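Observations on the three-dimensional arrangement
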Amino acid sequence: MTLGFYYNQSACSGCRACQIACKDRNDLPVGALYRHVSTFQTGTFPDATLYHYAATCNHCESPACVANCPVSAMQKADDGTVQHDDVLCIGCGTCVKSCPYGVPVLFEEKNIAGKCDSCKPFRDAGKNPVCVDACNMRCLDFGDIDELKEKYGADLVSELPILPSAEETGPSTLINPKAAALSEDFKEAIL
């Protein structure tokens, strides 16, 4: 079994409720996010389009953060998620530098890194990750990747032009893309 996230980009309004719920659950300081929503634009007037992307840890099949952590603080769990061991972490920032998606966060004042754990304590109690339940549009889901494919369809992707290549890491994230997000011609928009 491999667990991961499903994201229906076509329905996402960019409200950032998932981002706020994650920040609150993890009690993150100003400037630190484990889930972040970015907005992109493509095309030109009168055919310009905005779309959003809600990103967090992809819980990759071959995570660069795990492969490069010198003390094994980043670990691949039996359920396929990537977990961080605060006790082993030495705060070197190697995971931050090696993740192509920019997911791990280095807390210099604590000399420790951190990242999305897919709300493991909540999942262990039979609940969803907080980002899933916070989404007003029900764009997010979490579960076994094969079951998510069966539930949401075969035309899901794990790569978009705005993301690094998934070839080496194999992200466990399934995306129902908005048509505009498949365009190679994009620019990040500041809202």
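Structure first, text after, so check above.
In this report, we go over the structure that sits alongside the text. Note that the structure is a prediction, hence the values are computed from the model and not measured.

Next up on the list: the overall build of the protein. When you go through the protein residue by residue, the secondary structure sums to six helices and 10 strands. In terms of overall size, the protein behaves like a compact globule, its C-alpha atoms giving a radius of gyration of 16 Å where 191 residues would be expected to give roughly 16 Å. The dimensions of the protein, computed from C-alpha atoms along their principal axes, are 55 × 35 × 30 Å. Here the protein, with 191 residues, has 49% of them falling under the buried criterion. Nonlocal contacts in the protein, meaning residues at least 24 apart in sequence, comprise 58% of its contacts between residues at least 6 apart. For the protein, the exposed surface amounts to about 10000 Å²; the carbon and sulfur share of it is 50%.

Moving on to the sheet that holds strand 10 (residues 187-189). Read across the sheet, three strands follow the order 3-2-10 without closing on themselves; strand pairing throughout is antiparallel. The open sheet has two edge strands, strand 3 (49-55) and strand 10, and neither has a second partner. Averaged over neighbouring strand pairs, the angle between their axes works out to 40° when direction is ignored. Pairing of strand 2 (residues 36-42) with strand 10 involves three bridges; the strand directions are antiparallel.

With mixed pairing, three strands are arranged side by side in an open sheet as 8-1-9. Either end of the sheet is taken by a strand with one partner, and the two such strands are strand 8 (140-144) and strand 9 (173-176). Ignoring which end each strand starts from, the neighbouring axes of this sheet average 20° apart. Across five bridges, the pairing between strand 1 (residues 3-8) and strand 8 is antiparallel.

Below, the discussion takes up the nonpolar core. Of all hydrophobic cores here, the largest spans 45 residues; its most connected members are Y7, Y34, Y53, F107, L160 and I162. Of all the secondary-structure elements, those providing two or more residues to this core are strand 1, helix 1 (17-25), strand 2, strand 3, strand 6 (105-107), strand 7 (112-114), helix 5 (130-134) and strand 8. It is strand 3 that provides the largest number of residues to this core, a total of four residues. What Y7 contacts, discounting residues up to four positions off in sequence, is C12, H52, Y53, A54, C139, L140, L174, I175 and N176. Judged by nonpolar contacts, the second largest core, of five residues, contains Y6, L148, L156 and L174.

Conventions used here
- Residues numbered from 1 in each chain as written.
- Predicted model: local features only at pLDDT ≥ 70, side-chain atom pairs only at ≥ 80, totals over all residues.
- Heavy atoms only, no water.
- Helix = DSSP H or I, 4+ residues; strand = E, 2+ residues; numbered from the N terminus.
- Rg over C-alpha atoms; globule rule 2.2 N^0.38 Å.
- Buried < 20%, exposed > 50% of the residue type's maximum accessible area, 1.4 Å probe, protein only.
- Contact = heavy atoms within 4.5 Å.
- Areas by Shrake-Rupley, 256 points an atom, 1.4 Å probe, with all protein chains shown as cover.
- Pairing = 2+ DSSP bridges.
- Axes fitted to C-alpha atoms, helices over the stretch in contact; angles between N-to-C directions.
- Core = buried A, V, L, I, M, F, W, Y, C linked by side-chain atoms within 4.5 Å.

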